[in-house]
Amino acid sequence: MLVIAHRGASGYRPEHTPAAYRLAARQGADYLEPDLVATLDGVLVCRHENEISGTTDVAEHPVFADRKITKIVDGTAVTGWFVEDFTYAELRTLRARERMPALRSDNTAYDGLEEIPTFDDVVALARRESARLGRPIGVLPEIKHPTYFRRLGLPLEELLTERILALGLRPDEIMVQSFEPTSLRRLSVMTRVPLVQLIDAESAPNDFLRTGDGRSYADLVEPRGLREIATYAQVLAPHKDLVVPRTADGCLGEPTRLVDDAHRAGLGVQVWTFRAERRFLPTATDFRTELTRFASLGLQGVFADHPDQAVTALRKPTVNV
């Protein structure tokens, strides 16, 4: 089973930093997962959101004070500083910081130490670590808010496809994921790399909401929806509550039929996101027990903030460095 380092080893280092990706590789992750957004000049950089006040020191740079703004992103008003309003050269003057300092206070020791990496940087890092450790380490980027960025003239699908070709990435080195089916359909005719349809536990894909498509994520995980996904993607990546729901008191309930249904449609299944902190765990369940319960259902992969603990729980050999 694949262990996918969610935003790097984000349980131990600020997410989407070179340190988080390097640590994830050392801890035994099979794939590094960068979220991608685009700068004003079309460079793909790694941030969970295009609003960056929570993950960088941008607010401490007086030169950028006048760029604070409120925008509507996927139907929600968001106030702050946005990647698409900065050139890459300007973005490089910022430094990354921990997104959840109250929960992950140890990670704040690394605040301000590193720049925001590009997609190219993460690919180079994965290749270096793969050569150093003697095992394959791939990248599994998620393109964020693709409908939003396309309307800005920054089509993430085209930008990413160009980098895949320029970097000579093979299908065994990369998978690409998105919550928006339209985005994955575009990619399916641009590139031959495996595609992953992300599924949230509620609501609907943003591209559906923007175009008046009345379907929700719940519709997509019905057998008919899964068969449609299989026409353009190879993997289904659902929120873990859709696979094993929690009971009213927060315990793990009985598994749904989703994994079996996805397999019958010809899709692999990778589930997100597993975190070791108590606040994220089911009632009366530790991290190893939770992961083992999910793994028993025949998954192909899990997204984890703590790759080392996922590797151990799934009885994969750890890497000595």
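The preceding data block contains the structure.
Here goes a summary of the coordinates provided. Every value quoted in this text rests on a predicted model; they were computed, and no experiment measured them.

### Some remarks on the nonpolar core
Next up, step 1: Within the largest apolar cluster, 81 residues are counted, with the highest numbers of intra-cluster contacts made by Leu-32, Phe-119 and Ile-229.
Next up, step 2: Here this core takes six residues from helix H3 (residues 119–133), the largest share from any one element.
Next up, step 3: Look past the residues within four positions of Ile-229 in its chain and what remains in contact with it is Gln-197, Ile-199, Leu-220, Leu-236 and Leu-267.
Next up, step 4: Formed by ten residues, the second largest nonpolar core is a distinct cluster that contains Tyr-31, Val-196, Ala-237 and Phe-303.

### Observations regarding helix H11 (residues 287–295)
Next up, step 1: Where H11 is concerned, the buried positions are Phe-287, Glu-290, Leu-291 and Phe-294. Buried positions in H11, seen along its axis, are confined to an arc of 95° and lie on one side of it.
Next up, step 2: Lining the buried residues of H11 we find strand E12 (268–274), strand E13 (301–304) and helix H12 (307–313).

### Re the side chain of Glu-33
Next up, step 1: Position of Glu-33 among the secondary structure elements: in strand E2 (residues 31–33).
Next up, step 2: In this structure Glu-33 is buried but unpaired, with Arg-7 as the nearest side chain of opposite charge at 5.0 Å.
Next up, step 3: Polar contacts involving the side chain of Glu-33 include one to the side chain of Gln-177, which spans 2.9 Å.
Next up, step 4: Residue contacts for Glu-33: discarding those within four places in its chain leaves Ile-4, Ala-5, His-6, Arg-7, Gly-8, His-16, Tyr-21, Leu-140, Glu-142, Gln-177 and Phe-303.

### Regarding the environment of Val-221
Next up, step 1: Examined against the element boundaries, Val-221 turns out to sit in the loop between helix H8 (217–220) and helix H9 (223–229).
Next up, step 2: According to the relative accessible area criterion, Val-221 is buried, its value standing at 15%.
Next up, step 3: In sequence terms Val-221 and Val-259 are 38 residues apart; their C-alpha atoms lie 9.8 Å from each other.
Next up, step 4: Here Val-221 is in contact with Ile-199, Leu-226 and Leu-258, once residues within four sequence places are set aside.

### Digging into the packing of aromatic side chains
Next up, step 1: Per the counting criterion, the structure on display carries five aromatic pairs.
Next up, step 2: When the ring of Phe-64 is compared with that of Phe-86, the centres are 4.9 Å apart and the planes differ by 75°; the resulting orientation is edge-to-face. Taken together, the residues Phe-64 in the loop between strand E4 (44–46) and strand E5 (69–73) and Phe-86 in the loop between strand E6 (76–80) and helix H2 (88–91) connect sequence positions 22 residues apart. Like Phe-64, the residue Phe-86 is buried in the burial classification.
Next up, step 3: A connected cluster of aromatic rings, assembled from ring pairs, spans Phe-179, Tyr-217 and Trp-272.
Next up, step 4: When the ring centre of Phe-86 is taken as reference, the NZ or CZ atom of Arg-67 above it lies at 5.0 Å.

Calculation rules
Residues numbered from 1 in each chain as written. Predicted model: local features only at pLDDT ≥ 70, side-chain atom pairs only at ≥ 80, totals over all residues. Heavy atoms only, no water. Core = buried A, V, L, I, M, F, W, Y, C linked by side-chain atoms within 4.5 Å. Buried < 20%, exposed > 50% of the residue type's maximum accessible area, 1.4 Å probe, protein only. Helix = DSSP H or I, 4+ residues; strand = E, 2+ residues; numbered from the N terminus. Contact = heavy atoms within 4.5 Å. Arc of directions from axis to C-beta. Lys, Arg positive; Asp, Glu negative; His and termini not counted. Salt bridge = Lys/Arg side-chain N within 4 Å of Asp/Glu carboxyl O. Polar contact = N/O pair within 3.5 Å; in protein donor to acceptor, adjacent residues only side chain to side chain. Phe/Tyr/Trp six-rings, centres within 6.5 Å; stacked < 30°, edge-to-face > 60°. Lys NZ or Arg CZ within 6 Å of the ring centre and 35° of its normal.

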